[in-house]
Amino acid sequence: MLASTSPPLLNETVSWLAQRPVTVRCLSPTEAAEDYHLSVLGWLAYVDGRYVNDRFIPGNVATLTPKVCWPLLAIGRRYSSVYTTSEVALALLVLTHESGHLRGRGWSEAQTQCWAIRHVGYVARRLGVSASELPAVLAAALEWDARLPDSYRLPGCVRPRVD
């Protein structure tokens, strides 16, 4: 991947979650290295937008690093074995989290993360994770969720069960 792309399947999925037309921008490694949010701040993804009276108003674009985008694009393809279940789960969780921001509800990081962990299974299935793979992917997503800082923890958030 030499330049940023906007994969239709990811655009459709994120638009479905955001309940409005939005776009996913998958950066190349070079672009990611030149992006302040990703290279300097160390973020894996972000949503464009602005703050009005301390409330975040999202734009229409989620920007993803290759670490997030490439495992998502590999789901359901022959080369998906290149990525571990943990890498795929992280990518799904990040994509779902950024979709929560794109919904435009003005949620905090904790509220957005609670929504994301509760919806990550739906996103996994929509992008092609098989029913037999889903429990392992959900378990890995819950492990990633548990490692997040306190600012991402919403008291009382009911996390999904892995059955």
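This text goes with the structure placed above it.
Rules used throughout
- Residues numbered from 1 in each chain as written.
- Predicted model: local features only at pLDDT ≥ 70, side-chain atom pairs only at ≥ 80, totals over all residues.
- Heavy atoms only, no water.
- Core = buried A, V, L, I, M, F, W, Y, C linked by side-chain atoms within 4.5 Å.
- Buried < 20%, exposed > 50% of the residue type's maximum accessible area, 1.4 Å probe, protein only.
- Contact = heavy atoms within 4.5 Å.
- Salt bridge = Lys/Arg side-chain N within 4 Å of Asp/Glu carboxyl O.
- Helix = DSSP H or I, 4+ residues; strand = E, 2+ residues; numbered from the N terminus.
- 1 Å grid on protein atoms, 1.4 Å probe; cavity = no way out; pocket = protein on both sides within 12 Å on 5 of 7 lines; lining within 4 Å.
- Points joined across faces, edges and corners; volume = space filled by probe spheres on them.
- Nonpolar A, V, L, I, M, F, W, Y, C, P; charged D, E, K, R; others polar.
- Disulfide = S-S within 2.5 Å.

Caption draft 1: Structural detail: the nonpolar core. Of all hydrophobic cores here, the largest spans 42 residues; its most connected members are Leu10, Leu64, Leu72, Leu92, Leu95 and Leu127. In contact with leucine 92, not counting residues within four places along its chain, are Leu72, Ile75, Val120, Val123, Ala124, Leu127, Val129 and Val137.

Caption draft 2: Main features of the pattern of salt bridges. Per the counting criterion, the structure on display carries two salt bridges. When the shortest N-O distance is used, the salt bridge between aspartate 145 and arginine 153 registers 3.6 Å. Aspartate 145 sits in the buried class, given a relative accessible area of 1%. Linking arginine 159 and aspartate 145 is a salt bridge whose minimum nitrogen-to-oxygen distance equals 2.5 Å. One end of the pair, arginine 159, is in the segment after helix H7 (134–146); the other, aspartate 145, is in helix H7, with 14 residues separating them in the sequence.

Caption draft 3: The arrangement of helix H1 (residues 8–18) in detail. Among the residues of H1, those classed as buried are Leu10, Asn11, Thr13, Val14, Ser15, Leu17 and Ala18. Looking at the packing, one finds that the buried side of H1 touches strand S1 (23–26), helix H4 (66–74), helix H5 (85–102) and helix H6 (109–127). Where H1 ends, the next residue or the one after it, glutamine 19, has phi of about 65°, a positive value.

Caption draft 4: Local environment of empty space enclosed by the protein. Here the structure, examined in full by the defined rule, presents one cavity of 30 Å³ or more. There is about 60 Å³ of room inside the largest cavity. Lining the largest cavity we find Phe56, Pro58, Gly100, His101, Gly104, Arg105, Gly106, Trp107 and Thr112. Mapped by element, the contributors of at least two residues to the lining of the largest cavity are strand S3 (55–64) and H5. Looking at the lining of the largest cavity residue by residue, the class counts come to three nonpolar, five polar and one charged.

Caption draft 5: Expanded view of the state of the cysteines. With the rule as written, the count across this model stands at two disulfides. With its sulfur 1.7 Å from that of its partner, cysteine 26 forms a disulfide with cysteine 69. What sets the handedness of the cysteine 26 and cysteine 69 disulfide is the S-S torsion sign, and at about 55° it is right-handed. Taken together, the residues span a long stretch of sequence, with cysteine 26 in strand S1 and cysteine 69 in helix H4 at a distance of 43 residues. Pair check on accessibility: cysteine 26 and cysteine 69 agree, each one buried. What pairs with cysteine 114 in a disulfide is cysteine 157, and their sulfur atoms sit 2.1 Å apart.

Caption draft 6: Here's a closer look at the side chain of glutamine 113. Relative to the assigned elements, glutamine 113 resides in helix H6. If near-sequence neighbours (up to four positions away) are discounted, glutamine 113 is found in contact with Leu93, His97, Asp145, Leu148 and Tyr152.

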